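A look at the structure
Take a look at the letters that make up each chain.
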Amino acid sequence: MKMKYSAFIYTVFMAFALVMLVYCFSNTQVQSRDMVYYNDQLKSIEKEFQGGENRSAIQKKHGCTILFLSDEDYQIRLNQLMKEGAVIFDYYEGEYIAGKIAWNEEQSRYEKAKDSLLRVIMIFWIVVLLAGFVLLAMVYDRLVRPFQKLQNFSAQIAKGNFDFPLRMERHNYFGAFTESFDIMREELRRAKESEYQANRSKKELVAELSHDMKTPIATIKATCEVISLKEKNPDTLDKVSVIATKADMINHLISNMFHATLEELEVLKVDVVEESSLCIVEMIKELQYYGEIVLEDEIPECLVYLDQIRFQQVVDNIVNNSYKYAGTAIFISFHEMEEGIRIIIRDQGDGVSEEELALITGKYYRGSNTKGKTGSGLGLYLSKMFMEQMQGGLECCNQDGFVVELFVKKV
């Protein structure tokens with residue numbers, strides 16, 4: 001927009017200069033030729049008449065007007081030439097005046113000079129005008145445009161777009177300046193990525209610790225419940241009650257921290273390695289404190305893809321949910337398949353309504369039977385996510401109670 005304004009101002013200036021030149025030219029006087037010239041012309045005309053040339057040819061050749069006394073309009077044309085200030089000579093044939101020869105060149109020569117000079121002025125003006133536009137274009141291309149690109153580049157960097165390149169151009173007077181800006185962009189992008197990775201690592205650590213701490217806290221709460229049922233000493237019961245209350249408080253605080261971290265992180269790290277399937281039984285046996293867990297058959301011995309920590313969290317979530325919402329014995333069976341092992345975990349409760357079965361593995365979803373029960377709605381959501389990242393799966397259904405089926409892939 002600024003360049004258009006500059007071009008407009010330049011054009012106005014050139015137009016004003018043209019008007020002034022034309023005005024000055026219009027007031028310029030042109031001097032006529034001297035008498036020697038006309039005497040020479042007169043002698044030449046006399047010779048040409050004597051040589052037999054006609055009047056029209058002579059007039060055209062010498063730029064003059066020839067009047068003979070015999071012309072009908074002789075006097076009228078002579079008076080007109082005198083009024084115009086023409087140079088008039090007598091034309092003799094022998095000793096007698098035969099007519100007049102007049103040169104009215106003052107006006108014609110002035111007009112010719114004016115036209116010629118005006119053409120020169122116009123050509124010069126057009127050349128200067130075009131040269132000015134070329135100069136403006138060069139200034140824009142070499143000076144203004146690079147700064148406009150820098151301005152656009154700075155705006156993109158301010159918005160956080162560090163992938164916006166600042167391209168180098170040939171014949172750029174600010175090449176080193178441009179290169180420095182692009183190096184700055186690369187450094188800022190690397191710093192931004194490093195900051196992002198550092199923040200992500202911190203959030204992953206917080207999320208992992210938060211979720212991992214929920215399992216031992218659940219164990220503490222379950223143990224407190226078992227002691228409360230068996231212990232008769234009032235003093236001991238009071239102390240157990242305090243432990244259970246504080247465990248609930250810690251669990252609540254950890255849940256809040258875990259929610260805040262997961263909202264930004266979305267994914268917890270899963271490290272899958274080759275493990276013996278027998279470790280799954282050991283994980284299940286560690287959950288006996290929840291209540292009665294019945295292993296209906298033995299697990300097939302093979303190598304499976306597993307992350308022990310994440311799988312422990314999966315089993316703990318499922319058993320804890322069954323214990324919390326069903327309050328019955330939990331039955332676990334194993335079925336070997338060609339590609340892996342199916343682990344079926346079943347309680348004897350009322351199950352989940354058919355409408356909610358497809359929703360309970362969603363993030364933060366809690367069923368209609370969870371009223372009055374603590375929870376975050378993340379247990380089955382994370383369990384399914386962990387199993388899928390371990391190349392397995394998780395499905396839920398109702399079959400004489402609530403059933404969770406896990407699939408662990410063989411190596």
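Residues numbered from 1 in each chain as written. Predicted model: local features only at pLDDT ≥ 70, side-chain atom pairs only at ≥ 80, totals over all residues. Heavy atoms only, no water.

A short note on the overall build of the protein
Per the secondary structure count, the protein includes eleven helices and ten strands. Each of the 411 residues in the protein was classed as buried or not, and the buried ones make up 34%. By element, 57% of the accessible surface of the protein is carried by carbon and sulfur atoms, the whole surface being about 25300 Å². (Helix = DSSP H or I, 4+ residues; strand = E, 2+ residues; numbered from the N terminus. Buried < 20%, exposed > 50% of the residue type's maximum accessible area, 1.4 Å probe, protein only. Areas by Shrake-Rupley, 256 points an atom, 1.4 Å probe, with all protein chains shown as cover.)

Comments concerning the packing of helix H9 (residues 308-325) against helix H11 (residues 379-389)
Interhelical geometry of H9 versus H11 gives an angle of 145 degrees and a closest axis separation of 9 Å. Note on packing geometry: the crossing formed by H9 with H11 is left-handed. Contacts between H9 and H11 pair Arg310, Phe311, Gln313, Val314, Asn317, Ile318 and Asn321 from the former with Gly379, Leu380, Ser383, Phe386 and Met387 from the latter. A per-class count over the contact of H9 with H11 returns six nonpolar, five polar and one charged. (Axes fitted to C-alpha atoms, helices over the stretch in contact; angles between N-to-C directions. Left-handed = near helix turned anticlockwise from the far one by under 90°. Contact = heavy atoms within 4.5 Å. Nonpolar A, V, L, I, M, F, W, Y, C, P; charged D, E, K, R; others polar.)

Things to note about the sheet that holds strand S8 (residues 340-346)
One key point about sheets: their strands pair by backbone hydrogen bonds, in either a parallel or an antiparallel sense. As summarised here, the arrangement of the five strands in space is S5-S7-S8-S10-S9, forming an open sheet in which the pairing is mixed. Edge positions in the open sheet fall to strand S5 (293-295) and strand S9 (393-398), since each of these has one partner strand only. Strand after strand, the sheet turns through a mean of 20 degrees between neighbouring axes, direction not considered. Against the sheet, H9 engages S5, strand S7 (330-336), S8, S9 and strand S10 (402-409), with an angle of about 170 degrees to S10. (Pairing = 2+ DSSP bridges.)

Some details on the packing of aromatic side chains
Per the stated rule, a full pass over the model turns up six aromatic pairs. Measuring from ring centre to ring centre gives 6.3 Å for tyrosine 38 and phenylalanine 89, while their planes differ by 35 degrees; the resulting arrangement is tilted. Taken together, the positions of tyrosine 38 in helix H2 (residues 35-50) and phenylalanine 89 in strand S2 (residues 87-93) put the pair 51 residues apart, joining distant regions of the chain. Per residue, the accessibility class of tyrosine 38 equals that of phenylalanine 89, and both read buried. Here phenylalanine 49 and phenylalanine 68 contribute two aromatic rings whose centre-to-centre distance is 5.8 Å and whose plane-to-plane angle is 70 degrees, an arrangement assigned as edge-to-face. Taken together, the positions of phenylalanine 49 in helix H2 and phenylalanine 68 in strand S1 (residues 65-68) put the pair 19 residues apart, joining distant regions of the chain. For phenylalanine 49, a relative accessible area of 17% gives the class buried. The class of phenylalanine 68 is buried, set by a relative accessible area of 15%. (Phe/Tyr/Trp six-rings, centres within 6.5 Å; stacked < 30°, edge-to-face > 60°.)

Some thoughts on the sheet that holds S2
Spatial strand order, S1-S3-S2: three strands in an open sheet with antiparallel pairing. The sheet terminates laterally at S1 and S2, the two strands that pair on one side only. Sheet twist, expressed as the average angle between the axes of neighbouring strands with direction ignored, equals 25 degrees. One ladder, built from four bridges, connects S1 with strand S3 (residues 96-103); its direction is antiparallel. Residue pairing for S3: threonine 65 is matched across the bridge by alanine 102.

Spatial relationships are all this shows, so hold off on functional conclusions.
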